[in-house]
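Residue-level structure breakdown
Chain by chain, the residues run as shown.
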2 protein chains.
Amino acid sequence: MSGSRARTRQAIIDAAIDVLGRNPAASLGDIATAADVGRTTLHRYFADRADLLKAVGAEADARLARATAAARLAEGTGASAVQRLCQEYFDLGNVLSVVFNAALGAGDPEHAEPAGCDPEFAAMVERGYRDGTIDPELPADWVQSLIWSQLYAGWAYQGEMGASRHEVLRLILRTVAGAIAVRPA
Amino acid sequence: MSGSRARTRQAIIDAAIDVLGRNPAASLGDIATAADVGRTTLHRYFADRADLLKAVGAEADARLARATAAARLAEGTGASAVQRLCQEYFDLGNVLSVVFNAALGAGDPEHAEPAGCDPEFAAMVERGYRDGTIDPELPADWVQSLIWSQLYAGWAYQGEMGASRHEVLRLILRTVAGAIAVRPA
DNA sequence: CCTGATTGGAACATCGGTGTTCCGTTTCGG
DNA sequence: CCGAAACGGAACACCGATGTTCCAATCAGG
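Predicted model, so just to flag it, every value in this text is computed and none were measured. Positions within a chain are numbered from 1, following the residues in the order the chain's sequence is written. Lettering for chains starts from A, numbering for ligands starts from 1, and both go in the order in which the items are written. In keeping with the predicted nature of the model, local features appear solely for residues at pLDDT of at least 70, side-chain atom pairs appear and are counted solely at 80 or more, and the whole-chain, interface and lining totals rest on all residues. As a rule here, side-chain values come from all non-hydrogen atoms in the structure, and water together with hydrogens is ignored.

**Quick look at the packing of aromatic side chains**
Residue and element names in this part refer to chain B.
- Aromatic rings from Phe, Tyr and Trp, with only the six-membered ring used for Trp, were paired whenever their centres fell within 6.5 Å, and each pair was classed as stacked if the ring planes differed by under 30 degrees, edge-to-face if by over 60, and tilted otherwise. Counted by the stated rule, this structure contains six aromatic pairs over all chains.
- A centroid spacing of 4.1 Å and a plane angle of 5° characterise the contact between Phe100 and Tyr152, whose relative ring orientation is stacked. Of this pair, Phe100 sits in helix H6 (residues 94-105) while Tyr152 sits in helix H8 (residues 140-160), and the two are 52 residues apart along the sequence. Tyr152 carries the same exposure label as Phe100, and that label is buried.
- Only when the NZ atom of a Lys or the CZ atom of an Arg is both within 6 Å of the ring centre and within 35 degrees of the ring normal do we say a charge sits over the ring. When the ring centre of Tyr45 is taken as reference, the NZ or CZ atom of Arg5 above it lies at 4.5 Å. Secondary structure elements follow DSSP: runs of H or I of four or more residues count as helices, runs of E of two or more count as strands, with numbering from the N terminus. Only protein chains enter the accessibility calculation, which uses a 1.4 Å probe; a residue whose area is less than 20% of its type maximum is buried, one above 50% is exposed, and one in between is partly exposed.

What follows is the structure, given as structure tokens:
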């Protein structure tokens, strides 16, 4: 019954993304309940919390990679590619929160990762410098940080204010576009 | 010896801001250690964790209010006031993280606060609409969200990358300025 | 110097989350 | 239909954080 195992496993991961997105400190019991599964069963699939978080991270990365591919970063001007990337990422919804919270928690144990961002992303920004649609004063790392912070802020804005998904996306795209645009002065 | 009490209390609060800024889930023991104080003493001043968090929040709000006053929101163009506000808030350093994390944690227990932002802040944005330095398409709430997210992103950027305080502030100011600027098109 | 305030440390009980074991029940597949 | 796999729930031990109590040491001021 390997089909059943895979289905249950995925249900747990999906529930975890949902619950942890809302509350990163949620207990395993909460996650199990959300997945309509006993806490015992959850432990049958993931030995400890770290295991589950690892699987959640992998799933999030996979969805992220899919969204990145869908944005076709190599096409059009640099700025237009940034717009598409924002749109695709925004559609990820709750996965955003998970990735974001994971990025925050990773800062503690002395990662000290001066690692540059994704090479495909960097290439997109470089192209933007050359075609005059992205401000050369802004490093690629900073552009990435800008996109993430705006996506997260928009996600929170949608939850706190009574703003529609569509309206928030419009605000995000407009704000990011203005932020990376080459200055007239 | 009421002077001693006030001094100890302040030392604990300062240590709490420092430690909680780095790790919002820090234990009371960690905070006491950082304050060079026994855990017992900490409990003497703050009955439980909630009490301490309340005091920390009050202190953060006070420093925030001082910074807001220093930015003189009523002077100059809307955009220039935003620049001054970013600069003042950036200087708050770790207090930023505390306020930010507090804002996140508050989202759970069904606050449902559609409350608009500070009236003084709203007036500044309104002025920006009229004097043509702030994009009228962006609600005041959104501008506030933008400023906060950029400040936080910049703070994180400074920690993760090896960027100087000054350089990060420059990036923040440039990014925010571009984001709120009226579009040429 | 002495008295009271302040402090730190040890010990203790409590609580929630975690991980494990065990057993009875349900469900799927041959 | 039958056996094995999967499941749920109860019970248990463990751990770290928390809050409380008690006592001895220290400090500050009259």
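**With respect to the interface of chain B and chain A**
- The partner chain A presents 31 residues to the 32 residues of chain B that form the contact.
- Here's the idea: put two parts together, see how much 1.4 Å probe accessible area each one loses, and the total over both is what we call buried area. Regarding the contact of chain B and chain A, the summed buried area is about 2,800 Å², with carbon and sulfur atoms giving 58% of it.
- Considering only the side of chain B, the residues that lose the most area to chain A are B:Trp142, B:Tyr157 and B:Arg174, jointly responsible for 23% of the buried surface there.
- For salt bridges, the criterion is a side-chain nitrogen of Lys or Arg within 4 Å of an Asp or Glu carboxyl oxygen. At the junction of chain B with chain A, the criterion picks out four salt bridges.
- Here A:Asp135 makes a salt bridge to B:Arg174, at a shortest N to O gap of 2.5 Å. Note on contacts: a residue pair qualifies if any of its non-hydrogen atoms lie within 4.5 Å across the two residues.

**Description of the protein's contact with DNA strand D**
- Here a residue is considered near a molecule or strand provided that any single heavy atom belonging to it is located within 4 Å of it. Contacts to DNA strand D come from 20 residues, most closely from A:Thr8, A:Thr41, A:Tyr45, B:Leu28 and B:Arg49.
- Here, DNA strand D places atoms within 4 Å of the protein, and 54% of those atoms are sugar or phosphate.
- Note that a base oxygen of DNA strand D is positioned 2.9 Å from one of the side-chain N or O atoms of A:Arg44.
- Only helix H1 (2-22) and helix H3 (39-45) of chain A together with helix H3 (39-45) of chain B provide two or more residues apiece to the surface near DNA strand D.
- Per-element accounting of the surface near DNA strand D gives the leading share, five residues, to H3(A).
- In this count, Pro and Cys sit with the nonpolar residues alongside Ala, Val, Leu, Ile, Met, Phe, Trp and Tyr, while Asp, Glu, Lys and Arg are called charged and the others, Gly among them, polar. Across the surface near DNA strand D, the residue classes tally to six nonpolar, seven polar and seven charged. Any pair of nitrogen or oxygen atoms within 3.5 Å is treated as a polar contact; in protein, a donor-acceptor pairing is required on top of that, and neighbouring residues in sequence qualify only through side-chain atoms on both sides.

**Side note on the relation of the copies chain B and chain A**
- Here the copies are superposed with least squares, the fitted atoms being C-alpha atoms of residues at a pLDDT of at least 70 in both. Between chain B and chain A, the superposition needs a rotation of 180° and an axial shift of 0.0 Å, giving an RMSD of 0.0 Å. Look at the turn and shift together and you get a two-fold axis relating the two. Within chain B, B:Ala179 has its C-alpha nearest the rotation axis, a separation of 2.1 Å.
- In this assembly, 97% of the residues forming the interface of chain B have copies in chain A that are likewise at the interface, indicating an isologous arrangement.

**Here we look at the domain arrangement of chain A**
All names here are of chain A.
- Per the domain assignment, the segments of chain A are domain 1 (1-46) and domain 2 (57-180).
- For domain 1 and domain 2, the distance between their C-alpha centres works out to 28 Å.
- The interface is formed by nine residues belonging to domain 1 together with seven residues belonging to domain 2.
- The junction of domain 1 with domain 2 conceals about 590 Å² of combined surface from both sides, 58% of it contributed by carbon and sulfur atoms. Segmentation into domains, and thus their bounds, comes from an automatic or database assignment.

**Thoughts on the protein's contact with DNA strand C**
- The full set close to DNA strand C counts 19 residues, and A:Leu28, A:Arg49, B:Thr8, B:Thr41 and B:Arg44 are the nearest of them.
- In DNA strand C, atoms within 4 Å of the protein come from the sugar-phosphate backbone in 52% of cases.
- Between DNA strand C and A:Arg39, the relevant distance is 3.1 Å, taken from a base oxygen to a side-chain nitrogen or oxygen of the residue.
- Separating a phosphate oxygen of DNA strand C from a side-chain N or O atom of A:Arg49 is a distance of 2.7 Å.

**Structural notes on the pattern of salt bridges**
All names here are of chain A.
- Considering all chains together, one arrives at 17 salt bridges over all chains under this definition.
- A salt bridge links Asp18 to Arg22; the shortest N-O distance between them is 2.4 Å. Residue Asp18 and its partner Arg22 are located together in helix H1, separated by four residues, close to a single helical turn.
- Overall, the relative accessible area of 32% leaves Asp18 in the partly exposed class.
- In this structure, Arg72 and Glu75 form a salt bridge, with 3.0 Å as the shortest nitrogen-oxygen distance.
- Among the residues examined, Arg72 registers a relative accessible area of 39% and is labelled partly exposed.
- Under the relative-accessibility criterion, Glu75 is labelled partly exposed at 41%.

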